[in-house]
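# Observations on the model geometry
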Amino acid sequence: MSGMDREARRPPIAREGWGFVAGLLLLAAFSAALGGWTWAGLFLLLGCGVAAFFRDPDRKAPEDPRAVAAPADGRVVAIDPGEAGGRIIRIFLSVFNVHINRSPVSGVIRATRHREGKFLAAFRESASRVNEQNTLDISTPSGENFRVVQIAGLLARRIVCWVKEGDPLRAGDRIGLIQFGSRTDLHLPPGYEVLVEVGSKVRGGETIVARPTQG
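Residues numbered from 1 in each chain as written. Predicted model: local features only at pLDDT ≥ 70, side-chain atom pairs only at ≥ 80, totals over all residues. Heavy atoms only, no water.

## Some words on the pattern of salt bridges
Under the definition given, this model contains 16 salt bridges. The salt bridge involving aspartate 64 is made with arginine 66; its shortest N-O contact spans 3.3 Å. Judged by relative accessible area, arginine 66 falls into the partly exposed class, the value being 40%. Note that aspartate 167 is salt-bridged to lysine 164, the shortest N-O span being 3.3 Å. Lysine 164 sits in the partly exposed class, given a relative accessible area of 47%. Through salt bridges that share partners, Asp56, Asp58, Arg102 and Arg174 make up one connected network. (Salt bridge = Lys/Arg side-chain N within 4 Å of Asp/Glu carboxyl O. Buried < 20%, exposed > 50% of the residue type's maximum accessible area, 1.4 Å probe, protein only.)

Okay, structure coming up:
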């Protein structure tokens, strides 16, 4: 199934969260049936919190085909030099952010790579080097490569990737999620101006984070 097909008529909660939510609601109902209203309320509250974590809202991608969209919701924690003069935008996702990752540009998945690793706090600089992560290289029609790196965090123990090599993507298409707190890094090719700064809050698939310096 292509990235475009996956975008049609999606439920408001990512499927990875259905089991968690259903289990907590069943526990709430069971507790209520036994008269344990305090436990019922706690399980219901947890169920609502988990549903909020796995929420999957629609987003409107930038109309400018040259614009680069944020690959995730969250806060920019660093902007570092990248390869061959490019830049790296690092976005930290707290448990309160939407955790759906999105394609920053239109193109084709050229490669995906998963690497086992540690589970340090995702906002730490060393997380990029040692944490478990999944890397996606997206090739645009012009031949440029945009790299999105899904990085597990202290609470994030599962990286989910919904795309594979050869899949076509539009800017803003959903590509996966990271469960319970994480970071997403965007590696820009040379020739792009970063339009956000450290501390900026961004929305995945919607906030424009970079544009080409020419053209």
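## Here's the deal with the sheet that holds strand β1 (residues 68–69)
Pairing between the strands of a sheet is mediated by backbone hydrogen bonds and can be parallel or antiparallel. Strands sit in the order β1-β14-β12 across an open sheet of three strands; the sheet is antiparallel. Edge positions in the sheet fall to β1 and β12 (192–194), since each of these pairs with one other strand and no more. Across three bridges, β12 lies against strand β14 (residues 208–212) in antiparallel orientation. By the bridge assignment, valine 194 is partnered in β14 with alanine 210. (Pairing = 2+ DSSP bridges. Helix = DSSP H or I, 4+ residues; strand = E, 2+ residues; numbered from the N terminus.)

## Some words on the nonpolar core
Grouped together as the largest cluster of nonpolar side chains are 25 residues, with contacts concentrated most on Val68, Ile89, Leu188 and Val209. Of all the secondary structure elements, the ones that give two or more residues to this core are β2 (74–81), β3 (87–93), β6 (133–139), β7 (145–152), β12 and β14. Looking at this core, the element that brings in the most residues is β3, giving three residues. Discounting residues that sit within four places of it in the chain, valine 68 has contacts with Pro104, Val105, Phe146, Leu186, Leu188, Tyr192, Thr207, Ile208, Val209 and Ala210. In terms of nonpolar packing, the next biggest core, distinct from the first, is built from 14 residues, Val50, Val160, Trp162 and Leu177 among them. (Core = buried A, V, L, I, M, F, W, Y, C linked by side-chain atoms within 4.5 Å. Contact = heavy atoms within 4.5 Å.)

## With respect to the packing of aromatic side chains
By convention here, two paired aromatic rings are described through the distance between centres and the angle between planes. A complete count under the given rule lists two aromatic pairs for this structure. When the ring of phenylalanine 146 is compared with that of tyrosine 192, the centres are 5.3 Å apart and the planes differ by 80°; the resulting orientation is edge-to-face. In this pair, phenylalanine 146 is assigned in strand β7 and tyrosine 192 in strand β12, connecting sequence segments 46 residues apart. When its relative accessible area of 1% is taken as the criterion, phenylalanine 146 is described as buried. (Phe/Tyr/Trp six-rings, centres within 6.5 Å; stacked < 30°, edge-to-face > 60°.)

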